[in-house]
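# Chains, contacts and geometry: an overview
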Amino acid sequence: MSKEQLFSKTIDELSGLIREKEVSPVEVTKATLERSKNLNEQVNAYITITEDQALAMAMEHEKEILNGNYRGKLHGIPMALKDIFYFEGEVATMGSKIHQDFIPDYDASVVSKLKEAGVVFTGKLNMHEYAWGATTTNPHYGPCRNPWNLEKIPGGSSGGSGAAVSADMTIASLGTDTGGSIRIPASSCGIVGLKPTHGRVSKYGCFPLAWSLDHIGPMTKTVTDAAILLEGIAGFDRNDPTTVDVPTAAYTKNLNEDISGMVIGINEDYFFRNVDPEVESLVRAGIRKLEDMGASVVHVEIPSLKNAEFAELITIMTEASTIHHANLKERAHDFGEDVRLLLEAGEVPSAVDYLQAQQIRRQLDVEFAETMKQVDVMVTPTLPFTPIDIGADTLSLNEEIVNFLDHIIRFTLPGNLTGLPSLSIPCGLSNGLPVGMQIMGKAFKEEDVLRAAYAFEKTNPMNGIKPKLSESNLV
């Protein structure tokens with residue numbers, strides 16, 4: 001089997017080959033590492049490639065499997081993670097200068113689970129500094145680039161994860177999501193990104209951006225892989241008091257194409273307001289495909305969405321600035337300019353502003369809970385536009401020049417405020433760039449979100465098209 005056939009495969013495809021000993025973890029790891037080294041100068045998805053460590057780990061897992069000790073679908077799968085997760089004894093930069101030499105003395109809970117599952121770690125992926133941004137234009141480690149167009153952003157803050165999965169520089173990854181930072185790069189890079197319910201996955205050992213909004217979730221090539229990876233990381237953790245002790249589901253076993261009778265909610269006033277026409281057209285076409293498969297559509301009203309952007313921004317800004325308050329006072333010059341300005345702005349809101357934001361969140365919880373009694377999932381665009389040029393601050397949206405940051409999290413932030421599970425899945429290309437469709441579900445019902453996404457994926461919305469990156473041209 002060629003190297004390309006290995007690094008371009010999914011977790012689900014590789015797991016069967018590894019289990020049957022048709023390919024080895026060493027072969028897959030070598031192919032993925034070579035691909036990553038050849039492309040990284042251009043894509044800049046990795047901050048660090050841990051080649052020697054990865055090969056040693058792959059050899060250990062190969063011996064286990066040859067001896068009949070196969071652990072499951074993640075055993076021997078090479079994977080790189082966003083450089084925000086702690087690995088005991090290894091540098092975790094958080095994409096920053098301030099933490100460039102920080103070495104944690106314990107593993108993040110998700111890292112521990114993946115180690116136990118037999119994952120081979122190939123390195124640390126680029127990210128927006130401290131996860132506080134949506135471009136992954138990192139001033140300390142260089143901008144990460146979108147594999148579909150190297151002049152475009154990959155989204156953020158988990159842009160390295162999105163770009164690496166899209167470019168086959170890792171088989172899968174994890175990202176963090178506080179205002180959309182899994183789903184934004186998933187949409188921008190044409191992959192699947194799942195933000196689980198708040199409390200479904202432990203955040204212990206993950207550097208925080210905003211405590212009450214942070215989530216960890218899979219970023220993968222397919223819906224099946226997202227389900228596999230969620231099974232590997234979900235569950236209650238006594239080290240994280242925000243995790244909820246509720247049963248997890250057999251997410252992969254619940255995947256099927258039968259969505260007859262599924263009810264899809266559409267909110268026009270908020271989620272389809274001021275959207276790029278081509279993006280809107282592709283998402284609406286995706287909804288029609290779901291209807292053709294037996295789902296029905298109802299239109300829903302959620303009045304408090306009009307205040308959602310205020311609630312998100314006040315919450316994320318004040319919580320982030322609290323986390324970084326000491327360094328902002330003592331080492332302000334060591335932050336990138338964009339992050340420093342955001343942190344300074346986060347010191348301005350009052351306690352009244354913060355508490356008003358939490359009241360809005362409570363009302364949103366009530367309204368979404370009532371809405372979800374009527375529907376199984378909601379479907380929206382993930383982003384109102386396609387990725388912008390690296391370094392740009394504005395774009396033309398419906399013939400109006402608008403600020404990028406004012407619009408990039410509009411459709412993703414309600415999932416963070418409410419904590420509801422939300423997934424972005426590719427639904428087509430606009431001018432050669434991916435467009436994502438977002439599927440939101442009931443709390444702790446990730447299986448419904450995954451089933452709707454799986455059914456839609458079977459319609460082949462991307463027609464098998466992938467980024468055209470040639471290693472020989474990029475070395």
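Here the structure is shown first, and the text comes after it.
Below or above, wherever it landed, is the structure these notes cover. This one's a predicted model, so the numbers in the text were calculated from it and none came from an experiment.

### Details of unusual backbone geometry
Omega for the bond connecting G156 with S157 falls within 30 degrees of zero, at 10 degrees, which places this linkage in the cis form. Looking at the element boundaries, S157 is found in the loop between β5 (142-143) and α6 (159-166). Phi at N274 is positive, roughly 55 degrees, even though this residue is not glycine. Note that N274 resides in the loop between α9 (268-271) and α10 (277-292). Residues other than glycine seldom take positive phi values, yet N460 does so here, at roughly 55 degrees.

### A word on the sheet that holds strand β3 (residues 120-125)
Strand order across the open sheet formed by three strands is β1-β3-β2, with mixed pairing between neighbours. Where the open sheet ends on each side, the last strands, each with one partner, are β1 (46-49) and β2 (78-82). Direction aside, neighbouring strands of the sheet carry axes that sit 35 degrees apart on average.

### Quick notes on the environment of Y204
For Y204, the location among the structural elements is in the loop between β7 (192-195) and β8 (215-220). Judged by relative accessible area, Y204 falls into the partly exposed class, the value being 29%. C-alpha separation for the pair Y204 and K63, spaced 141 residues apart in sequence, amounts to 31 Å. Once residues within four sequence positions are removed from consideration, Y204 is found in contact with Y106, D107, A108, S109, D237, N239 and D240.

### Considering the nonpolar core
One finds M79, F85, L114 and L450 to be the most contacted residues of the largest nonpolar core, which totals 127 residues. Not counting chain neighbours up to four residues away, the residues in contact with F85 comprise A92, A108, V110, V111, L174, G175, T176, G205, C206 and I216. Counting residues in hydrophobic clusters, the runner-up holds 13 residues, among them A80, C144, A164 and L469.

Each value, and the rule that gives it
- Residues numbered from 1 in each chain as written.
- Predicted model: local features only at pLDDT ≥ 70, side-chain atom pairs only at ≥ 80, totals over all residues.
- Heavy atoms only, no water.
- Helix = DSSP H or I, 4+ residues; strand = E, 2+ residues; numbered from the N terminus.
- Pairing = 2+ DSSP bridges.
- Axes fitted to C-alpha atoms, helices over the stretch in contact; angles between N-to-C directions.
- Buried < 20%, exposed > 50% of the residue type's maximum accessible area, 1.4 Å probe, protein only.
- Contact = heavy atoms within 4.5 Å.
- Core = buried A, V, L, I, M, F, W, Y, C linked by side-chain atoms within 4.5 Å.

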